[in-house]
Amino acid sequence: MSEPVIRTEQLTKTYGNRTAVDRLDLSIEAGEVFGLLGPNGAGKTTTILMLLGLTEPTSGHASVAGFDPLRQPLEVKRRVGYMPDQVGFYDNLTGVSNLRYTAKLCGLEDRDADERITKALARVRLTEAGQRPVRTYSRGMRQRLAIAEILMKGASIAILDEPTGGLDPQSTREFLELIRSLKRDGMTIILSSHMLELVQVVCDRVALFNAGKIGLMGRVDDLLRSVLGGSHIIRIEAKGAGLIEALQRVPGVTRVSDEGTSLRLECTDDLRADVARAVVQAGGDLTMIDAGHASLDDVYTRYFEGVAHAS
Amino acid sequence: MRREGSALAGAGTVMMKELADNLASTRMRLLEILIFITGAGAVYATIGQVRDTIGEDPFVFLRIFTSAQDPLPSFVAFLGLLIPIVAISLGFDAINSEFNRKTMSRILAQPIYRDALLFGKFMAGLATLAVTLAALWLFVIGLAIFLLGLPPSTEESLRSLCFLIAAIAYGGVWMALAMLFSVAFRSTATAALASLAVWLFFAFFWTMIVKILVQVISPADPYDVAGLISAVETGLGLGRISPNMLFSEAALAFLNPGERGQSLGILLPQQLQGAISGPLPLAESLALVWPQVTGLLAGFILLFTIAYIMFQRQEVRA
């Protein structure tokens, strides 16, 4: 296995007596899509800013592409493209002029920069819009312009903070497709989000944050299996007494929860037939049965429920 | 701990971009119109008065800058009021607008240090101010040549050039103050109001406050000459805390070498005994206002340093 492109050791950041990031150990391989997931205020953005050298860690150490963000921030920032959670551009300038300014800050030659800008804008489908002032852009277009900036820079690592925040479903789908195509180019991508379900489809590995700590880290499938004890969810609507107890006795059902109008079952396998039989045998009226997949949301809720109970 | 790479990499790029923004902004257009109209008005009003003294005064050309014609104040007094406004308007939203536009973290994620952003913005502001003032200066001199029908002498040109430099330094102080507030306050409106409040304080209230303070610190006894002198000196010392005072003294020394510009403090009759009458040479005028000019520079460096340290310590996230 090659040397990880991003590694943190006991990375900690405190603001006064509040700990934003607590002894973080992270290691991300080249070409990976890594998700930092968790609710707002869990320490995702602080972690990202420390990786970029924009915030000084209180203690601990980070290394990005073999450089120390604290001592060699320029080397790090040359290799890393960053899209902040609320990305802004100079509204009075056109998309192209905005990118040209960034290119100059990166020290690119004018001709080289223009070539890269044209290519990058075509890639995110902003060729025409590039000539218009950014104030006419929609939110999705601004986000694509931010990706174009990362492409233009020739970054090998992209850090995207809440990239799908505030996007409509159509733009979100397009955006996720764009992220996949960046991955195909071999870019290492870190994305942070509180929309667990959306990110689950693009990430190779995820880390679930809570209160500055990583609660869980690993491949999405593995997390689903280890935390939920299986990745099958069955939802039924049924009437009758003692149903929950009856269902809990079905082999393979690990958990039954009452969600008001329906019951939600977590199973090791697709046990719809067994569940239906159990309902009927218990004398209940089965009106609906539906199989769905477990999602990271379930993992998150379940895991941190456990943590909260334990403490 | 050392950081690697130049702190100023990218400062030139930031400066060029900000300079372009400044020069193209509507705000700057309005201010240019304002100061050109007042400049032209002041010069035009004094020209009649100045014309009468041609042949009597060796520095008739400099009179254009300093003489006042009721109800208008002199050109120098106008500049004393207007330069701070121009400087403040160039600096009050330098840093906080980047936060408000959400461009700060994106720009700082490029391979530059924060230093470059602050230096670039300050240099761009100062360059804009210098260009505007130089244009105004040339305009006034041109107008004077046209209306008086005689060119300035070498010494007059040099003196007015020194005055221009002092005016830019004076503007630099106010711009550094406005930039400091643009770092300290996230809201541009707060930063603008705070800067204008300081300006208002020094332009109008400081002289009144100084009078009260003098009475407290060294109460004047009408029968005690030494006490009177010390009261006046306390007043001058306190007054010189204000950059406006430093600027007007520098302007006086540079532009009025003949009479009042010979001394910036109090002159006792004994001191004048045996004095050679006549205007001060330029080198002497320079020596006279050196403390004022360095005072302005010191104020500017101090304010800029505070802004710099605050900006370095600021969190990037909004």
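Scroll up for the structure.
Heads up: these notes are all about the structure in this document. (Residues numbered from 1 in each chain as written. Chains lettered and ligands numbered in written order. Predicted model: local features only at pLDDT ≥ 70, side-chain atom pairs only at ≥ 80, totals over all residues. Heavy atoms only, no water.)

This paragraph deals with the overall build of chain B. The helix and strand inventory of chain B stands at 13 helices and 0 strands. Walking chain B from its N terminus toward its C terminus, one meets helices and strands in the order α-α-α-α-α-α-α-α-α-α-α-α-α. What you see for chain B is a C-alpha radius of gyration of 22 Å, in line with the 20 Å of a compact globule of 318 residues. Buried residues in chain B amount to 48% of all 318 residues. Nonlocal contacts in chain B, meaning residues at least 24 apart in sequence, comprise 79% of its contacts between residues at least 6 apart. About 14700 Å² of surface is accessible on chain B, with carbon and sulfur atoms providing 69% of the total. (Helix = DSSP H or I, 4+ residues; strand = E, 2+ residues; numbered from the N terminus. Rg over C-alpha atoms; globule rule 2.2 N^0.38 Å. Buried < 20%, exposed > 50% of the residue type's maximum accessible area, 1.4 Å probe, protein only. Contact = heavy atoms within 4.5 Å. Areas by Shrake-Rupley, 256 points an atom, 1.4 Å probe, with all protein chains shown as cover.)

Okay, a nonpolar patch on the surface next. All names here are of chain B. On the surface, a nonpolar cluster with roughly 500 Å² of combined accessible area is contributed by L81, L200, F201, F204, F205 and M208. Looking at the nonpolar patch element by element, the count peaks at 5 residues for helix α9 (residues 188–217). Here F205 lies in helix α9. (Patch = residues over 30% accessible without salt bridge, like charges linked within 9 Å, V, L, I, M, F, W, Y side chains within 5 Å. Salt bridge = Lys/Arg side-chain N within 4 Å of Asp/Glu carboxyl O.)

Considering the arrangement of structural elements, one finds B:S153 in the loop between α7 (114–148) and α8 (154–184). For the pair formed by B:S153 and B:P58, sequence separation is 95 residues and the distance between their alpha carbons is 9.3 Å.

All names here are of chain A. Burial analysis of strand β8 (residues 205–210) places 5 of its 6 residues in the buried class, the great majority of the element. Alignment of strand β3 (residues 33–37) against β8, held across 4 bridges, turns out to be parallel. Of the residues in β8, the one forming a bridge with G35 is V206. The pairing of β8 with strand β9 (residues 213–219) spans 6 bridges and is antiparallel. What sits directly across from L208, in β9, is L216. Where β8 folds back on β9, the antiparallel hairpin that results is connected by 2 residues, among which A211 adopts a positive phi of roughly 50°. (Pairing = 2+ DSSP bridges.)

We now examine α9(B). All names here are of chain B. When the local axis directions of α9 are compared, the greatest deviation, roughly 60°, occurs at F205. Residues of α9 that are buried: A191, A192, A194, S195, W199, F202, W206, V210 and V214. Where α9 begins, the side chain of S187 points an oxygen toward the backbone nitrogen of A189, at a separation of 3.3 Å. (Bend = angle between axes of the 7 residues up to and from the residue. Polar contact = N/O pair within 3.5 Å; in protein donor to acceptor, adjacent residues only side chain to side chain.)

This part is about the sheet that holds strand β2 (residues 18–28) of chain A. Residue and element names in this part refer to chain A. Read from one edge of the open sheet, 3 strands run β2-β1-β4, paired in antiparallel fashion. Each end of this open sheet is capped by a strand with a single partner; those strands are β2 and β4 (59–64). Within the sheet, the average angular offset between the axes of one strand and its neighbour, ignoring direction, is 20°. Bridge analysis of strand β1 (residues 6–15) against β2 gives 7 bridges, and the strand direction is antiparallel. Bridge pairing in β2 places R7 opposite S27. (Axes fitted to C-alpha atoms, helices over the stretch in contact; angles between N-to-C directions.)

Opposite the 28 residues of chain B that make contact, chain A presents 32 residues. For the pairing of chain B and chain A, the buried interface totals around 2800 Å² over both sides, and the portion due to carbon and sulfur atoms is 60%. On the chain B side of the contact with chain A, B:R106, B:P111 and B:R317 bury the most area, a combined 24% of that side's loss. Measuring nitrogen to oxygen at the nearest pair gives 2.3 Å for the salt bridge that ties A:E149 to B:R106. Counting across the chain B and chain A interface gives 12 residue pairs in polar contact (both at pLDDT 80 or more). Elements with a minimum of two residues in the side of chain B that touches chain A: α1 (11–24) and α6 (104–108) of chain B. Across the side of chain B that touches chain A, the residue classes tally to 9 nonpolar, 7 polar and 12 charged. (Buried area = accessible area lost by both parts, 1.4 Å probe. Nonpolar A, V, L, I, M, F, W, Y, C, P; charged D, E, K, R; others polar.)

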